[in-house]
Amino acid sequence: MNILAIGAHPDDAEFYAGGTLLKWVEAGHSVWVVSLTNGDIGHHEMAGGALAQRRAVEAATSAKRGGFHHRVLDFHDGELCNTLETRKAVVRLIRETQADVVLTHRPWDYHPDHRYTAMIVQDAAFMVTVPFFCPDKPALQQNPIFFYMVDEFTKPIPFRADIAVDVSDVMDKKWELLDAMPSQFYEWLPWLDHALDTVPDTSEARKDWLRKRYTPLYQEITAQARPALQRWYGETHARQAAFAEGFEICEYGAQLDEEKIRRLFPFFPSDTEGMHGAALTEKSSIPGRG
């Protein structure tokens with residue numbers, strides 16, 4: 001399969017879906033991690049071309065550690081809009097990667113770039129199958145499956161994990177993905193949280209600090225995903241999973257049944273105790289449009 005994770009910034013997809021992307025790579029699938037913006041204002045001491053170049057190098061380093069393909073588009077950070085230009089860029093991207101699965105943000109989020117990324121991907125979802133839209137790239141014969149990555153926002157609709165992936169066994173590798181982006185995880189984000197003075201100087205101490213700082217958040221995400229974990233792994237496994245990533249099925253694109261889900265997520269056990277895979281959501285029963 002071809003998996004395409006589209007974030008607004010270099011670090012978004014890795015942060016919210018990095019464990020699952022790693023598991024897809026381990027299962028032999030092709031993973032693309034793409035940022036729609038170049039991240040050129042995501043820092044408190046530098047900006048512009050120098051920061052964009054630094055973040056591009058960090059994204060490449062993280063992708064190398066994960067075994068991902070990667071791309072950073074050159075739209076300015078903080079200025080992303082849902083325009084015909086950005087829609088065409090995403091349609092071409094989905095076609096070039098021949099994506100079977102697309103992950104992205106939900107359209108309700110604190111950051112305008114996150115919201116517009118979601119809207120751009122949604123607006124591209126059908127157009128990827130239309131031959132005379134961006135005719136320079138051959139149209140897909142079938143829509144990909146679209147999933148939303150997790151967020152904490154509740155209005156107008158809270159995130160609901162239809163799918164949850166136990167990523168406990170790849171968390172050491174996921175921390176390495178984030179560690180490859182020091183401008184964000186050791187500089188910009190701590191500065192925003194008024195915690196820059198708590199970041200250690202040495203590499204190993206920083207990694208330990210990173211784990212301690214973000215483990216509570218990832219544990220909250222895991223707790224939120226626990227019902228979906230039980231659905232796909234069984235009650236016993238769900239109770240024991242230390243870290244999980246949740247995904248919500250998007251109504252756009254092709255739709256899912258249990259058989260398709262098990263093909264897309266080959267790391268789910270096949271003989272799940274207490275599994276209720278047919279009880280997905282009402283939207284999963286919508287006739288496929290791909």
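Residues numbered from 1 in each chain as written. Predicted model: local features only at pLDDT ≥ 70, side-chain atom pairs only at ≥ 80, totals over all residues. Heavy atoms only, no water.

**Considerations on the nonpolar core**
If you look at soluble globular proteins, the nonpolar side chains tend to sit buried side by side. Among the nonpolar cores identified, the biggest contains 56 residues, and Leu 21, Leu 103, Phe 147 and Phe 265 are the most heavily contacted of them. The element best represented in this core is helix H7 (residues 203–233), accounting for ten residues. Once residues within four sequence positions are removed from consideration, Leu 103 is found in contact with Leu 4, Ala 5, Ile 6, Ala 17, Leu 21, Trp 24, Phe 147, Met 149 and Phe 247. Leu 4, Leu 73, Val 121 and Phe 133 belong to the second largest nonpolar core, which has 25 residues in total. (Core = buried A, V, L, I, M, F, W, Y, C linked by side-chain atoms within 4.5 Å. Buried < 20%, exposed > 50% of the residue type's maximum accessible area, 1.4 Å probe, protein only. Helix = DSSP H or I, 4+ residues; strand = E, 2+ residues; numbered from the N terminus. Contact = heavy atoms within 4.5 Å.)

**What about the confidence of the model for the chain?**
The pLDDT averaged across the chain works out to 93; a share of 93% of its residues lies at or above 70. Between residues 273–279, whose pLDDT stays under 50, and residues either more than four places distant or in other chains, the model counts 15 contacts. Confidence drops under pLDDT 50 across residues 281–290; counting only partners more than four residues distant or on other chains, this segment forms 23 contacts. (pLDDT = per-residue confidence, 0-100.)

**Some thoughts on the side chain of Glu 187**
Looking at the secondary structure, you find Glu 187 in helix H6 (residues 182–192). Of the polar contacts made by the side chain of Glu 187, one reaches the side chain of Arg 54; its length is 2.8 Å. Apart from residues lying up to four places away in sequence, Glu 187 is in contact with His 43, His 44, Arg 54, Pro 182 and Leu 196. (Polar contact = N/O pair within 3.5 Å; in protein donor to acceptor, adjacent residues only side chain to side chain.)

**As for the environment of Phe 265**
Topologically, Phe 265 is positioned in the segment after helix H9 (258–264). Look at Phe 265 and you get buried, because its relative accessible area is 1%. Each C-alpha atom, one on Phe 265 and one on Trp 24, is 7.9 Å from the other, the two residues being 241 residues apart in sequence. Leave out the neighbours within four places in its chain, and Phe 265 touches Thr 20, Trp 24, Phe 147, Ile 163 and Val 165.

**A short note on helix H3 (residues 84–97)**
For H3, with 14 residues, the first-to-last C-alpha span of 20 Å sits near the 20 Å given by 1.5 Å per residue. All of the buried residues along H3 are Thr 86, Val 90, Val 91, Leu 93, Ile 94, Arg 95 and Thr 97. Packed against the buried residues of H3 are strand S1 (2–7), strand S2 (30–37), strand S3 (69–75), strand S4 (101–104), helix H4 (112–127) and strand S5 (145–149). Once H3 finishes, Gln 98 follows within two positions and takes phi at roughly 55 degrees, a positive value. (Expected span 1.5 Å × (residues − 1).)

**Observations concerning the pairing of S4**
Burial along S4 is two-sided: Val 101 and Leu 103 facing one way and Val 102 and Thr 104 facing the other are all buried. With three bridges connecting them, S1 and S4 associate as parallel partners. Of the residues in S4, the one forming a bridge with Ala 5 is Leu 103. When S4 meets S5, the two strands line up parallel, connected through four bridges. Residue pairing across strands places Val 101 opposite Ile 145, the latter belonging to S5. At this point the chain moves from S4, through H4, to the parallel S5, and the crossover so formed is right-handed. (Pairing = 2+ DSSP bridges. Right-handed = clockwise from strand over helix to strand, strands pointing away.)

**Some details on the sheet that holds strand S6 (residues 163–166)**
The seven strands lie next to each other as S3-S2-S1-S4-S5-S7-S6, forming an open sheet whose pairing is mixed. Sheet topology places S3 and S6 at the edges, where each strand pairs with a single neighbour. In this sheet, neighbouring strand axes are inclined to one another by 25 degrees on average, regardless of whether the strands run parallel or antiparallel. Both S5 and strand S7 (residues 244–253) contribute to a ladder of four bridges, which runs antiparallel. Within S7, the position partnered with Tyr 148 by the bridge is Glu 248. In the packing of helix H1 (residues 12–26) onto the sheet, contacts are made with S1, S2, S4, S5, S6 and S7, and the angle to S7 comes to roughly 95 degrees. The strands touched by H7 are S6 and S7; relative to S6, the strand with the most contacts, the crossing angle is about 95 degrees. (Axes fitted to C-alpha atoms, helices over the stretch in contact; angles between N-to-C directions.)

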